[in-house]
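Each chain, written out:
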Amino acid sequence: MENNSIEMPEYLIEQLENGTLEDTIVLDRNGNWWHNGNPFKNRKIIDFFNKSIAKANEGIWVLQYDKYIYPITVEDVPIFITGVRFEGFSDFEKVIMNLSSGTEEILDVNTLVYRNSTLYCTVGNGEFPAKFMRSPAFHVLDRLDENNGQYYLTMCGRRIPLKQDG
């Protein structure tokens, strides 16, 4: 989940442009991995892929491990929030997110947006869009209030307007 100036090899760019890429690897909108239309089932491979997502300079999502780079299709977002927990109270409250990359991150509540009946935010210092899986989304939305048609989340000692997109 980083971008340290990753350049796609020229032969892969050509294969992408020509439609001759040997294998297709897809991360679908539900966080499932697919290889040539077949689901990955091996948990170790899935975890490895989730930890290896990066964005190349060309704007293409890739799996990157050391010098190995391979383009992937990301249907929605590259990162999923798989769990949340609230720590502290009032102004000292933090929302800790478990990410599909195997890491934890504190939620930047200012990046929350509700789109297509789903809760999203950004992670990685605002670089990567992320999608809340159902259970963590319900956990956050449990703090939802409505006033005159405007929706708010009460957390981290604040009343945060929930942006809606679409």
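Notes on the structure follow.

The rules behind the values
- Residues numbered from 1 in each chain as written.
- Predicted model: local features only at pLDDT ≥ 70, side-chain atom pairs only at ≥ 80, totals over all residues.
- Heavy atoms only, no water.
- Helix = DSSP H or I, 4+ residues; strand = E, 2+ residues; numbered from the N terminus.
- Contact = heavy atoms within 4.5 Å.
- Pairing = 2+ DSSP bridges.
- Axes fitted to C-alpha atoms, helices over the stretch in contact; angles between N-to-C directions.
- Buried < 20%, exposed > 50% of the residue type's maximum accessible area, 1.4 Å probe, protein only.
- Lys, Arg positive; Asp, Glu negative; His and termini not counted.
- Salt bridge = Lys/Arg side-chain N within 4 Å of Asp/Glu carboxyl O.
- Polar contact = N/O pair within 3.5 Å; in protein donor to acceptor, adjacent residues only side chain to side chain.
- Phe/Tyr/Trp six-rings, centres within 6.5 Å; stacked < 30°, edge-to-face > 60°.

**Structural notes on the environment of Phe86**
(1) Moving on: Take Phe86: it is sitting in strand S8 (residues 79-87).
(2) Moving on: Put simply, Phe86 and Gly31 are 55 residues apart on the chain and 24 Å apart in space, counted from C-alpha to C-alpha.
(3) Moving on: Non-local contacts of Phe86, meaning those with residues more than four positions away in its chain, are made with Glu93, Lys94, Val95, His139, Val140, Arg143 and Met155.

**So, the sheet that holds strand S14 (residues 144-147)**
(1) Moving on: Ordered in space as S14-S15-S16, the 3 strands form an open sheet in which the pairing is antiparallel. Two strands close off the open sheet at either side, each with one partner strand: S14 and strand S16 (158-161). Taken over all neighbouring pairs, the strand axes of this sheet differ in orientation by 35° on average, direction set aside.
(2) Moving on: Where strand S15 (residues 150-155) meets S16, 4 bridges bridge the pair, whose relative direction is antiparallel.

**Describing unusual backbone geometry**
(1) Moving on: Unlike most non-glycine residues, Asn36 shows phi in positive territory, near 50°.
(2) Moving on: Phi at Asn148 is positive, roughly 55°, even though this residue is not glycine.
(3) Moving on: Looking at the element boundaries, Asn148 is found in the loop between S14 and S15.
(4) Moving on: Judged by its relative accessible area of 75%, Asn148 is exposed.

**Overview of the side chain of Asp28**
(1) Moving on: Position of Asp28 among the secondary structure elements: in the loop between strand S1 (25-27) and strand S2 (33-35).
(2) Moving on: For the buried residue Asp28, which engages in no salt bridge, the nearest side chain bearing the opposite charge is Arg29, 7.2 Å off.
(3) Moving on: Polar contacts involving the side chain of Asp28 include one to the main-chain amide nitrogen of Asn30, which spans 2.8 Å.
(4) Moving on: Looking at Asp28, its side chain comes within polar contact range of the side chain of Trp34, at 2.9 Å.
(5) Moving on: Discounting residues that sit within four places of it in the chain, Asp28 has contacts with Trp34, Glu75 and Phe80.

**Focus on the sheet that holds strand S3 (residues 38-39)**
(1) Moving on: Read across the sheet, 4 strands follow the order S3-S2-S1-S7 without closing on themselves; strand pairing throughout is mixed. Two strands in the sheet have a free side with no partner beyond their single neighbour: S3 and strand S7 (73-74).
(2) Moving on: Here 3 bridges tie S1 to S2, and the two strands are oriented antiparallel to one another. Among the inter-strand pairings, Leu27 is bridged to a residue of S2, identified as Trp33.

**Quick look at the pattern of salt bridges**
(1) Moving on: Taken as a whole and assessed by the stated rule, the structure comprises 6 salt bridges.
(2) Moving on: The partner of Glu87 in a salt bridge is Arg85, with the nearest N and O atoms 2.9 Å apart.
(3) Moving on: Because the salt bridges share partners, they merge into one network encompassing Arg85, Glu87 and Glu104.

**So, the side chain of Ser100**
(1) Moving on: Of note, Ser100 is situated in the loop between strand S9 (94-99) and strand S10 (104-106).
(2) Moving on: What makes Ser100 buried here is its relative accessible area of 14%.
(3) Moving on: Beyond its immediate chain neighbours, meaning those up to four positions away, Ser100 contacts Asn50, Pro78, Ile79, Phe80 and Thr82.

**Observations regarding the packing of aromatic side chains**
(1) Moving on: Evaluated as defined, the whole model comprises 7 aromatic pairs.
(2) Moving on: Ring geometry for Phe40 and Phe49: centres 5.0 Å apart, planes at 80°, overall edge-to-face.
(3) Moving on: Judged by its relative accessible area of 11%, Phe49 falls in the buried class.
(4) Moving on: With a centroid separation of 5.8 Å and 35° between ring planes, the pair formed by Trp61 and Phe128 is classed as tilted.

Shape descriptors only; they carry no functional weight alone.
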